[in-house]
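# Residue-level structure breakdown
Residues per chain are reported as follows:
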Amino acid sequence: MPSSPSPRLTRSERRRRIEDAATELFARRGYAATTVDEIVRAAGVTKPMLYRHYESKRELCIALLERHRDELVAAPLAVFDPDEGDRRSQLVPMVEAWLEHARRHPDATRLLFIPITGDPEVERTQHELHARQRATQVALLREFAPALDEAEAEPMGEVVRASLAAVALWWLNHPEAPREVLVQVLVRLVEGLIGIPAESPESRER
């Protein structure tokens, strides 16, 4: 008996296939080395279908950068409680949430943080997203240290942003490293920057 035809994909399902395939290819092969033909082949759609969603490879990559950045930022913010008086107690779960999201979405993480080349507009978008991430880190640092020196705020935000990105990329290449070790490193970094006395590992466990 002939096999029944595969169910027709919805518009959102086609879009998701295109985005997933493009994220993987951009992250692993690089933006410049990835072609539209490769994306549609990996997604299992036609080129006209891709162009119904995105006008160009450039537009697709920019949309992916925006989406993945928003999803990554949302992970730690989802566990942050602005009404909680003990800010230190929130550092660990926020860093855990950030790292866990990065680990679960390795291609998105690489796309966000490995420098993109080959298109000035895409490169500019990535730089702008890093600047927005730095601003987010500055805002969070002020939540933890309201008296943060204005002149130090932006470079501190960049230190945190760059450190989070570097540790996430390092972890993707060293998945055997315990998450709690990386969390401890990043928490110590933030505590040192804003002047919170570091706790010993033993006191954290209590």
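Our structure's up above, just so we're on the same page.
Residues numbered from 1 in each chain as written. Predicted model: local features only at pLDDT ≥ 70, side-chain atom pairs only at ≥ 80, totals over all residues. Heavy atoms only, no water.

## Brief notes about the overall build of the protein
Put simply, the test is: A helix here means a DSSP run of H or I that spans at least four residues, while a strand means a run of E at least two residues long, and both kinds are numbered starting from the N terminus. Whether a residue is buried, partly exposed or exposed follows from its accessible area with a 1.4 Å probe, protein chains only, as a fraction of its type maximum: under 20%, in between, or over 50%, in that order. Whether two residues touch is decided by their heavy atoms; if any such pair falls within 4.5 Å, the residues are in contact.
Regarding its fold elements, the protein presents 10 helices and zero strands. Ordered by position in the sequence, the α and β elements of the protein form the string α-α-α-α-α-α-α-α-α-α. In terms of its C-alpha atoms, the protein occupies a principal-axis envelope of roughly 70 × 45 × 30 Å. Here the protein, with 206 residues, has 43% of them falling under the buried criterion. Within the protein, counting contacts between residues at least 6 apart in sequence, those at least 24 apart form 64% of the total.

## Here's the deal with the pattern of salt bridges
The following threshold applies: What counts as a salt bridge is simple: a side-chain nitrogen of Lys or Arg found within 4 Å of a carboxyl oxygen of Asp or Glu.
Counting across every chain of the model gives 20 salt bridges. Of the charged contacts in the structure, one is a salt bridge between Glu24 and Arg28, with a shortest N-O distance of 3.5 Å. Residue Glu24 and its partner Arg28 are located together in helix α1 (residues 11–29), separated by four residues, close to a single helical turn. Asp37 is the salt-bridge partner of Lys47, the closest N and O atoms lying 2.7 Å from each other. Pair noted here: Lys47 is in helix α3 (residues 47–53) and Asp37 is in helix α2 (residues 36–43), with a separation of 10 residues, a long-range link. Look at Asp37 and you get partly exposed, because its relative accessible area is 39%. In the salt-bridge network here, residues are joined through shared partners; they are Arg15, Glu19, Arg67 and Glu71.

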